Amino acid sequence: MGASLDSRTFPVNDKETIKELWANAVTESRYEDGTYYSGVVGMLGNKIDWRDIKLADESAARSYIEEHSDKWSGAMAVSFIARKPPTAADKITADSCRQLATKAELERQKLVLEAIKGIKVNDFVTCKGEGACKSRIATKFIHSTLCPFCRASFIGFRLQSKLTKLNEEIIRLNKKAQELSEGAETLGGWVVGGICPS
Ligand SMILES: [Zn+2]
């Protein structure tokens, strides 16, 4: 006796509609293929184990069901998403987000390089401040704004928070550009199925 995955895909997001479509598919399969080890959806019955996990596409949803079902575990429903292609306006907005991110990155780099240059004005620097290691370090060994020993920052709080803000802005802009380029997410639908004994 074998078993194989059989499923139906419903491009809707209404459980009541899916329940009805599924029940009909099961009934239809029982008429056509019988109820005895048919290897198709008629073996699964009407009860559905719902998993609203919004996988990347229909085939990922099918694979999930295949991996998480047992021979007699009945029907499982797994949601998947779909994407609307980006509009021309989305692409233009994405481009300007990337340009702004690049501008912010240049500003961040400039501030960091200036700060390092400022530290290297003297031959030695002492690592100080709260929790700092208090080492006296030759500045030729310093290549960032952080102490090479304890990672305490050599720069002031105001500049640190400015750099943090710039970093957050860069991440936010790049993320927005990425999302716009991918297109808007829509609920693609549900795959219902399971392992059907044959
Ligand atoms: Zn230190």
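Residues numbered from 1 in each chain as written. Predicted model: local features only at pLDDT ≥ 70, side-chain atom pairs only at ≥ 80, totals over all residues.

This brings us to the sheet that holds strand β2 (residues 48–55). Within a sheet, neighbouring strands are paired by backbone hydrogen bonds and run either parallel or antiparallel to one another. Pairing in this open sheet of four strands is mixed, and the strands run β1-β6-β3-β2 from one edge to the other. With partners counted over all chains shown, the strands left at the sheet margins are β1 (3–10) and β2, one partner each. Ignoring strand direction, the axes of neighbouring strands in this sheet form an average angle of 25°. In the sheet, β2 pairs with strand β3 (residues 75–83) via five bridges, with the strands oriented parallel. Among the inter-strand pairings, Arg51 is bridged to a residue of β3, identified as Val78. Its contacts with the sheet place helix α1 (residues 15–33) against β1, β2, β3 and β6 (185–197), and it is angled at close to 135° to β1. (Pairing = 2+ DSSP bridges. Helix = DSSP H or I, 4+ residues; strand = E, 2+ residues; numbered from the N terminus. Axes fitted to C-alpha atoms, helices over the stretch in contact; angles between N-to-C directions. Contact = placed C-beta atoms within 7 Å.)

Many analyses report the size of an interface as the accessible area lost when the parts associate. Here the protein chain is partitioned into domain 1 (3–85 + 185–197) and domain 2 (88–182). A C-alpha centroid distance of 50 Å is found between domain 1 and domain 2. (Domains from an automatic or database assignment.)

Secondary-structure assignment places Val191 in strand β6. A sequence separation of 114 residues divides Val191 from Ala77, and the C-alpha atoms of the two residues are 5.6 Å apart. With residues near it in sequence (within four places) discarded, Val191 still touches Ser7, Thr9, Glu58, Ala61, Arg62, Ile65, Val78 and Phe80.

Before going further, it helps to spend a moment on the nonpolar core. Formed by 18 residues in total, the largest nonpolar core has its most connected members in Ala75, Ala77, Val78, Trp190, Val191 and Val192. Counting residues per element, the ones that place at least two in this core are α1, α2 (58–68), β3 and β6. (Core = buried A, V, L, I, M, F, W, Y, C linked by C-beta atoms within 7 Å. Buried ≥ 20, exposed ≤ 12 C-beta atoms within 10 Å, placed from the backbone.)

Below, the discussion takes up α1. An ideal rise of 1.5 Å per residue puts 27 Å on 19 residues; α1 measures up with 26 Å between its terminal C-alpha atoms. All of the buried residues along α1 are Ile18, Trp22, Ala25 and Ser29. Projection of α1 onto a plane perpendicular to its axis shows the buried side chains occupying an angular sector of 60°, all on one side. For α1, the exposed residues set more than 90 degrees away from the buried face come down to Glu16, Thr17, Asn24, Glu28 and Tyr31. On its buried side, α1 packs onto β1, β2, β3 and β6. Trailing α1 by a residue or two, Gly34 shows a phi angle of about 85°, which is positive. (Expected span 1.5 Å × (residues − 1). Arc of directions from axis to C-beta.)

In this section: the pairing of β3. You can see the chain leave β2, run along α2 and come back into β3, and the turn it takes is right-handed. When β3 meets β6, the two strands line up antiparallel, connected through eight bridges. Within the sheet, the bridge partner assigned to Arg83 lies in β6 and is Glu185. (Right-handed = clockwise from strand over helix to strand, strands pointing away.)

The phi torsion at Lys54 lies on the positive side, around 45°, for a residue other than glycine. Look at Lys54 and you get partly exposed, because 14 C-beta atoms sit within 10 Å. In the Ramachandran plot, Arg151 falls in the positive-phi region, its phi being about 65° despite a non-glycine side chain.

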